[in-house]
Amino acid sequence: MNEGELDPLIHVPARLRILATLAALHEGDTLSFTRLQEMIELTPGNLITHLRKLEDAGYVKSEKTGAGVASRTSVALTPRGRVALDAYAQTLRGVLDGI
Amino acid sequence: MTESHDTTESPSAEETLDPRAAAALLAETTEKASHALQVNSLLLSLLGGLVLPVGFGIIWWSVRHQHPYQGPTLGAIGLMYLLVVLVDGISLAVFRRSSRGVGGQYKKNRRMLSAVGAVGLIGAYVIMGALEHAHVTHAVVYGIYPATVPLVIGGMIGAVGASQREDWTLFTAALVISCVAAGAAFAGPVGAWAVSGFGAGAALLGSAGVKLAQRHAR
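Residues numbered from 1 in each chain as written. Chains lettered and ligands numbered in written order. Predicted model: local features only at pLDDT ≥ 70, side-chain atom pairs only at ≥ 80, totals over all residues. Heavy atoms only, no water.

(A) Expanded view of the overall build of chain B. In terms of regular secondary structure, chain B is built from 7 helices and 1 strand. Counting helices and strands in the order they occur from the N terminus, chain B gives α-α-α-β-α-α-α-α. Computed over the C-alpha atoms, the radius of gyration of chain B is 22 Å, more than 25% above the 17 Å expected from 2.2 N^0.38 for a compact globule of 218 residues. Taken over the C-alpha atoms alone, chain B extends approximately 80 × 40 × 25 Å along its principal axes. For chain B, restricting intrachain contacts to residue pairs at least 6 apart in sequence, the fraction spanning at least 24 positions comes to 73%. Summed over its atoms, the accessible surface of chain B is roughly 12,000 Å², and 70% of this surface lies on carbon and sulfur atoms. Taking the 14 positively charged and 12 negatively charged side chains of chain B as two groups, their mean positions are separated by 11 Å. (Helix = DSSP H or I, 4+ residues; strand = E, 2+ residues; numbered from the N terminus. Rg over C-alpha atoms; globule rule 2.2 N^0.38 Å. Contact = heavy atoms within 4.5 Å. Areas by Shrake-Rupley, 256 points an atom, 1.4 Å probe, with all protein chains shown as cover. Lys, Arg positive; Asp, Glu negative; His and termini not counted. Charge placed at Lys NZ, Arg CZ, Asp CG, Glu CD.)

(B) Quick look at the sheet that holds strand S1 (residues 102-104) of chain B. In space, the 4 strands of this open sheet follow the order S2(A)-S3(A)-S1(A)-S1(B), with antiparallel pairing throughout. One side of each edge strand has no neighbouring strand; the edge strands of this open sheet are strand S2 (60-65) of chain A together with S1 of chain B. Each strand axis lies, on average, 35° off the axis of its neighbour in the sheet, ignoring direction. By the bridge criterion, 2 bridges tie strand S1 (residues 29-32) of chain A to strand S3 (residues 72-77) of chain A in an arrangement that is antiparallel. The partner of A:Leu31 across the bridge, within S3(A), is A:Val75. Where helix H4 (residues 105-133) of chain B meets the sheet, its contacts fall on S1 of chain A together with S1 of chain B, and the angle it forms with S1(B) comes to roughly 85°. (Pairing = 2+ DSSP bridges. Axes fitted to C-alpha atoms, helices over the stretch in contact; angles between N-to-C directions.)

(C) Structural view of helix H5 (residues 138-164) of chain B. Residues and elements named next belong to chain B. The terminal C-alpha atoms of H5, which comprises 27 residues, lie 38 Å apart, in line with the 39 Å expected from a rise of 1.5 Å per residue. At Tyr145, H5 is deflected by roughly 50°, the largest bend along its length, and proline Pro146 occurs up to four residues later in sequence. Backbone geometry just after H5 places Glu166 at a positive phi near 55°. (Expected span 1.5 Å × (residues − 1). Bend = angle between axes of the 7 residues up to and from the residue.)

(D) The packing of helix H2 (residues 33-40) of chain A against helix H3 (residues 44-56) of chain A, seen in detail. All names here are of chain A. For the pair H2 and H3, interaxial distance at closest approach is 10 Å and the crossing angle is 105°. The angle between H2 and H3 places the two elements in the roughly perpendicular class. Residues Phe33, Leu36 and Gln37 of H2 touch H3, and the partners they reach there are Pro44, Leu47, Ile48 and Leu51. Of the residues in the contact of H2 with H3, the class split is 6 nonpolar, 1 polar and no charged. (Parallel < 35°, antiparallel > 145°, perpendicular 65-115°, else oblique. Nonpolar A, V, L, I, M, F, W, Y, C, P; charged D, E, K, R; others polar.)

(E) Quick peek at the layout of surface pockets. Size it by volume and the second largest pocket reaches roughly 270 Å³. As for the second largest pocket, its lining consists of 16 residues, of which A:Arg72, B:Gly101, B:Val102, B:Gly103 and B:Lys107 are closest to the centre. Secondary structure elements with two or more residues in the lining of the second largest pocket: S1, S2 and S3 of chain A together with S1 and H4 of chain B. Partitioning the lining of the second largest pocket into residue classes produces 1 nonpolar, 9 polar and 6 charged. (1 Å grid on protein atoms, 1.4 Å probe; cavity = no way out; pocket = protein on both sides within 12 Å on 5 of 7 lines; lining within 4 Å. Points joined across faces, edges and corners; volume = space filled by probe spheres on them.)

(F) Seen up close, the environment of B:Thr148. Residue and element names in this part refer to chain B. Residue placement: Thr148 occurs in helix H5. Assessed through its relative accessible area of 4%, Thr148 is described here as buried. Dropping the residues within four chain positions of it, Thr148 is found in contact with Ala181, Ala184, Ala185, Ala192 and Ser196. (Buried < 20%, exposed > 50% of the residue type's maximum accessible area, 1.4 Å probe, protein only.)

(G) Layout of a nonpolar patch on the surface. Residue and element names in this part refer to chain B. A surface patch of nonpolar side chains, amounting to about 240 Å² of accessible area, comprises Leu43, Leu86 and Ile90. Along the chain, the position of Ile90 falls in helix H3 (residues 74-99). By relative accessible area, which is 31% here, Ile90 ends up partly exposed. (Patch = residues over 30% accessible without salt bridge, like charges linked within 9 Å, V, L, I, M, F, W, Y side chains within 5 Å. Salt bridge = Lys/Arg side-chain N within 4 Å of Asp/Glu carboxyl O.)

(H) View of the nonpolar core. Membership of the largest hydrophobic core comes to 38 residues, with the highest contact counts inside it found for A:Leu16, A:Ile18, A:Leu22 and A:Leu36. Of all elements in the fold, only helix H1 (13-23), H2, H3, S3 and helix H4 (79-98) of chain A together with helix H1 (19-37) of chain B reach the threshold of two or more residues within this core. The leading source of residues in this core is H1(A), at 6 residues. Filtering out sequence-adjacent residues up to four positions away, A:Leu22 remains in contact with A:Leu31, A:Leu36, A:Val60, A:Val75, A:Ala76, A:Leu77 and A:Arg82. (Core = buried A, V, L, I, M, F, W, Y, C linked by side-chain atoms within 4.5 Å.)

(I) Spotlight on the side chain of A:Asp7. Residue and element names in this part refer to chain A. By the secondary structure assignment, Asp7 is in the segment before H1. As a buried residue without a salt bridge, Asp7 has its nearest oppositely charged side chain in Arg15, at a separation of 7.6 Å. In terms of polar contacts, Asp7 uses its side chain to reach the side chain of Tyr59, at 2.6 Å. Beyond its immediate chain neighbours, meaning those up to four positions away, Asp7 contacts Tyr59, Ala84 and Tyr88. (Polar contact = N/O pair within 3.5 Å; in protein donor to acceptor, adjacent residues only side chain to side chain.)

Quick look at the structure:
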């Protein structure tokens, strides 16, 4: 296996950390944007940008509840995102074995 | 909770990784996230494993020479409830620490478990009141029944909670607690307190030991 086979969408530090963090949740659970941001230590702007890219690929889904000052955004890994992260980890092992 | 977001992206946001750094980052993030999001059941097992024998032991100590059996003294009951409040407070803090910001299925499971737990435990004490009302002996109403039934129910609630988190070590310990408490009913009104308390404590300390061994094996 070579490095080029690694999913380029995941092979970026911030997005890898987002997916690995969300993968620690049980299936069906969600994480608030605020807690995710605390855990990943990204600025809100950076986190939103990366989440949008992951959401466009169908790897994560976000849901906003409430309105105005009481609004709350929660984020979750989709089944497709979990499969993609597993495949990424497997490819990564293959690449490292080949080095 | 309010959320106002700065939507500027830093220039380093698309920085890529070499495979070794990626593997290290993946392992480190997974470990950190698991630690932050999962309930510290090792701490809860240790806490329960130490406090249950002490609480039930205090009650046993207060009734051990009673002939005929009358029931625990008010002082022993007060101490027991003090321990229950202490353990509940610590457990709540542990659960809150890990579940902050977690929603979805977790929240639904937690609500369902709270409802089942409340009905189960309140129901157990309502039946105890009914037994007293029916003039059943003190040996049953203030001995065998309270020393066993709440633990049987508590163990089952714990098992459901542990299964929701896929914590099979704690699940097994919780079922063992239910079985030991049920069997303790045969030890009589005095012995039931000792068998239940020490049996439950041993199950929880065993669970803590397995978890420690698993942690060292990793």
